[in-house]
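Structural description and commentary
In case you want the letters, here they are:
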Amino acid sequence: MSFAGTIRKGYVRPLDLKHGRVDMGHGAGGRAMAQLISELFAAAFANEHLDRGDDAAVLPAPAAGERLVVATDAHVVSPLFFPGGDIGCLSVHGTINDLAVMGARPLYLAASFILEEGFPLADLARIVQSMAHASREAGVPVVTGDTKVVEQGKGDGVFITTTGVGALPAGRDIGGANARPGDAILVSGSLGDHGMAIMAQRESLAFDSEIVSDTVALHGLVAAMLAAVPTIRVLRDPTRGGLATTLNEIATQSGVGMELDEASIPVQPQVAAACELLGLDPLYVANEGKLIAICPQEDAERLLAAMRAHSLGERAARIGTVTADPNAFVQIRTAFGGRRMVDWLSGEQLPRIC
Amino acid sequence: MKYVDEFRDGALAAKLADAIAREADSGRDYAFMEFCGGHTHAISRYGVTDLLPANVRMIHGPGCPVCVLPIGRIDMAIRLALSRPDVTICTYGDCLRVPASDGLSLLKAKARGADIRMVYSAADALALAQKLPAREVVFFAIGFETTTPPTALVLRQAQALGLANFSVLCNHVLTPSAILTILESPEVRELGTVPLDGFIGPAHVSTIIGSRPYAFFAEEYRKPVVIAGFEPLDVMQAIRMLVRQVNEGRAEVENEFTRAVTEDGNLKAQALVSEVFELRRSFEWRGLREVPYSALKIRAPFAAWDAEAKFGLEFVSVPDHRACECGAILRGVKTPIDCKLFGTACTPENPMGSCMVSSEGACAAHYNYGRFRDVPVVAGTAS
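Quick look at the structure, then. (Residues numbered from 1 in each chain as written. Chains lettered and ligands numbered in written order. Predicted model: local features only at pLDDT ≥ 70, side-chain atom pairs only at ≥ 80, totals over all residues.)

**Structural notes on the pairing of strand S5 (residues 136–143) of chain B**
Residues and elements named next belong to chain B.
- The element S5 is extensively covered by neighbouring structure, given that eight of its eight residues are classed as buried.
- Burial along S5 is two-sided: Glu136, Val138, Phe140 and Ile142 facing one way and Val137, Phe139, Ala141 and Gly143 facing the other are all buried.
- In terms of strand pairing, strand S3 (residues 87–91) meets S5 through four bridges, oriented parallel. Of the residues in S5, the one forming a bridge with Cys90 is Phe139.
- Here seven bridges tie S5 to strand S6 (residues 166–172), and the two strands are oriented parallel to one another. What sits directly across from Phe140, in S6, is Leu169.
- Crossover handedness for the path S5 to helix H7 (residues 148–161) to S6: right-handed. (Buried ≥ 20, exposed ≤ 12 C-beta atoms within 10 Å, placed from the backbone. Helix = DSSP H or I, 4+ residues; strand = E, 2+ residues; numbered from the N terminus. Pairing = 2+ DSSP bridges. Right-handed = clockwise from strand over helix to strand, strands pointing away.)

As structure tokens, this is what we get:
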């Protein structure tokens, strides 16, 4: 019998989730860390793999012919809590979406926390609960994890890295290099919501707005889209750098150009107004719950209908066409009647948004 | 977006484009300079050039405060921040990336440990000084006549509060003297070398200084000036008014931006500025070199809040790359693609000259929005 076992259960004071703070002991590998893990993380994320309490999760192999897809994403968003979400659910959605846009079925998540000494346990608990909720909602369990604590001043509250594992059905090939001239470009909804929700929360700006982050897991939408149109060539979530940067990435990978129609790109009026105020272009503002899809021209209307039939794609729109252009320029017909390039983002002054 | 979309209406733009094409004399060329970076941005962002007939050409002027800020002035701020650990430099976001000497920028100096912060207004800088009494907060102030009154205001507030840990490193410059320099440049004066048929006058600057200061250019140099708002329809309407003036042989100051600009401007702001600032004998502009009486310095009664005096800062002029054509581009003598450095050594990520520094500069605007025009169209992509 271990020494710990001799302590009466009621004798160990539970974590003070109301007023307690993270201290160096929570990362030291001792009893304080074990308590943080069991009372907070293990309790929130409980599932058969995590519950074993081993150093790694042992997972069943995917179905025959399926391939494994792995993605990892570090989250350092500031502020940690924002309208529509927080760093917790964001860290779940971000990695699930990276798997989903490969056409993969997200299966498991691993989560790693870097906590700053002094961080309120109440905030940590809120973040972990939000993460657990997002993970359950998405049906993708957190099966293993890690926690480290850094001294005060050496972190920014909490950083979360999540790694996801998914299964990719045989024969499915979705990737940024697959766009072909003539293909249609679609987006699943309004752009710039997440980035502007974060900007509006910045202490130095503090303008009142009703903009809410769009952070959400997209694998359900992707599954519906692929069921309707299996010929989808490219899927990608336009996070940092927004639509403009993501389309430039795809154009470069595929060696094609693109021509967009500004009037057809959905942007919510309050996001457009906030961008106007701050001198930002919504095409460069981050999203956490939108995707770009590229498919053969002849399948575009069917894909658009499938997207609009899903709750996460109600405002989906067809925004442009892939062109033959060895320069890989993304161009736009402005609503004003002219043309211009939509270039890579060059050094915009944006806060950390994901 | 109400009150904004109305000024970006594509149908109205098409009508104005027709009117300009109808009124422009096909037997001659028109070259107009939009002085302000705000106009340059609107022209590039909305593709205004595509709506103009081939014989109407826009020259992008030097009216981008970040672009014309000489390297030596940023060096002053960087040296101060790196040598004095008690100093916090705060400035507007677009200043942070401007390349300075030794491969540094304010942003890179921050990575080396300097305390550099982005603020959205002069008032934010003053508030920061009040919040951090143990630190020397220096506001790196830049801009034309539009941003000068807020700087004047915080200097007066600092004096009233006796706020000893706040100061301003003043780089405010004046629009009319820059226009004068362009008009006095040999290419423009020697008729025919660089045709310059008129100016689109500044929008926001003119709300402060009014339309009167431009009368001199119209009269003395026979150049029409049309003050215009920063929306693309404003720009189109101003171009139409300039075409008309040229056709009718007039050289007058006209005001398209009557919803904001009066003849006198903002007299209260002007009084405030002259209370706090006086003219510098000369100031270096990136791309235009030394321009006499083109900038402001802080008056003696406010010397305690003048960072140059307080910290004994010295300005050392730093020349641009020898192949850089910014000076010629700003005067309309050359276009960005005439420069050997454009798009090769000089890009928005690594700007070598002033016009590439901010998105409002002529080269950056062309690089970001227009460089597809420089390459041959691939079959099947034109529309």
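**With respect to the interface of chain A and chain B**
- Taken residue by residue, the interface counts 27 residues in chain A and 33 residues in chain B.
- In terms of residue count, the dominant contributor to the side of chain A that touches chain B is helix H8 (residues 269–278) of chain A (four residues).
- Here the residues of the side of chain A that touches chain B are counted per class, giving 10 nonpolar, 11 polar and six charged. (Contact = placed C-beta atoms within 7 Å. Nonpolar A, V, L, I, M, F, W, Y, C, P; charged D, E, K, R; others polar.)

**Describing the packing of helix H1 (residues 10–23) of chain B against helix H12 (residues 232–247) of chain B**
All names here are of chain B.
- Interhelical geometry of H1 versus H12 gives an angle of 15 degrees and a closest axis separation of 10 Å. As summarised for this structure, H1 and H12 are arranged roughly parallel, according to the angle between their axes. As H1 packs across H12, the resulting crossing turns out to be left-handed. Packed against H1, whose contacting residues are Leu12, Ala13, Leu16, Ala17, Ala19, Ile20 and Glu23, the element H12 presents Pro232, Leu233, Met236, Gln237, Ile239, Arg240, Val243, Arg244 and Asn247 at the interface.
- Of the residues assigned to the contact of H1 with H12, the class counts are 11 nonpolar, two polar and three charged. (Axes fitted to C-alpha atoms, helices over the stretch in contact; angles between N-to-C directions. Parallel < 35°, antiparallel > 145°, perpendicular 65-115°, else oblique. Left-handed = near helix turned anticlockwise from the far one by under 90°.)

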